[in-house]
Amino acid sequence: IARHAGYEKITTELPASNIAGEYQPSERKRRALRRALVASGFNEAISFSFIDAAHDDRFEYLPNFVGEGEDRFVTLSNPIIEGATRMRPTLLSGLLDAVRHNFNHGTRDVRLFETGRVFASSSFQDNLVTTNKSLSPLPKEREAFALMATGGATEEGRAGATRELDFYDLKG
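**Overview of the environment of Thr90**
Reasoning step 1: Mapped onto the fold, Thr90 is located in the loop between β3 (86-87) and α3 (92-104).
Reasoning step 2: Taking the C-alpha atoms as reference points, Thr90 and Ala146, separated by 56 residues in sequence, lie 8.8 Å from one another.
Reasoning step 3: Apart from residues lying up to four places away in sequence, Thr90 is in contact with Phe59, Tyr61 and Val118.
Reasoning step 4: At a separation of 3.3 Å, a polar atom in the side chain of Thr90 contacts the main-chain amide nitrogen of Leu92.

**Looking at the layout of surface pockets**
Reasoning step 1: Of the volumes computed, that of the largest pocket is approximately 340 Å³.
Reasoning step 2: Taken together, 18 residues form the lining of the largest pocket, with Ser40, Phe42, Arg111, Leu165 and Asp169 sitting closest to its centre.
Reasoning step 3: Those elements that place two or more of their residues in the lining of the largest pocket are β4 (110-120), β5 (140-150) and α4 (167-171).
Reasoning step 4: Classifying every residue of the lining of the largest pocket by side-chain character gives eight nonpolar, five polar and five charged.

**What to know about the pattern of salt bridges**
Reasoning step 1: If you walk through the whole model with that rule in mind, you get nine salt bridges.
Reasoning step 2: Note that Glu141 and Arg117 form a salt bridge whose closest N and O atoms lie 3.5 Å from each other. In this pair, Glu141 sits in strand β5 while Arg117 sits in strand β4, placing the two residues 24 residues apart along the sequence.
Reasoning step 3: With relative accessibility at 39%, the residue Arg117 sits in the partly exposed group.

About the criteria used
Residues numbered from 1 in each chain as written. Predicted model: local features only at pLDDT ≥ 70, side-chain atom pairs only at ≥ 80, totals over all residues. Heavy atoms only, no water. Helix = DSSP H or I, 4+ residues; strand = E, 2+ residues; numbered from the N terminus. Contact = heavy atoms within 4.5 Å. Polar contact = N/O pair within 3.5 Å; in protein donor to acceptor, adjacent residues only side chain to side chain. 1 Å grid on protein atoms, 1.4 Å probe; cavity = no way out; pocket = protein on both sides within 12 Å on 5 of 7 lines; lining within 4 Å. Points joined across faces, edges and corners; volume = space filled by probe spheres on them. Nonpolar A, V, L, I, M, F, W, Y, C, P; charged D, E, K, R; others polar. Salt bridge = Lys/Arg side-chain N within 4 Å of Asp/Glu carboxyl O. Buried < 20%, exposed > 50% of the residue type's maximum accessible area, 1.4 Å probe, protein only.

This is the structure we're talking about:
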């Protein structure tokens, strides 16, 4: 647009706005979730939305979101990162890579969470945004949340961990 309209027409200041910079209700909830998890000792992980195709059969995916067969994933024809040809259908692949990285560097007690979008292939039977049938349909996107914790359970008033974390620690 800038090339066609002309670069000289782009000003250095932002255009006037009649709305104040307020958060949407969904963003307020996300920020409250982040604050609560950080207060509980978790760190936020931000991983790539692109994964290797080797992750295809490692996870059980969300029901009614990721279908069956090879065409259930969103595959990139020109990936930014060599080898990362799929859009992530789950947040777990990025979290497990982060845990592996921490383990390899000697950190055993890891508590991570991530919020982000996950992607699945859309079929032509779904409602298409585009009217051009030669274009592939847009992928389905869904906001997701995942967390994981490894190592010892820390208890208030104790200097060290006395037991390993389990499912009930995360549930709590």
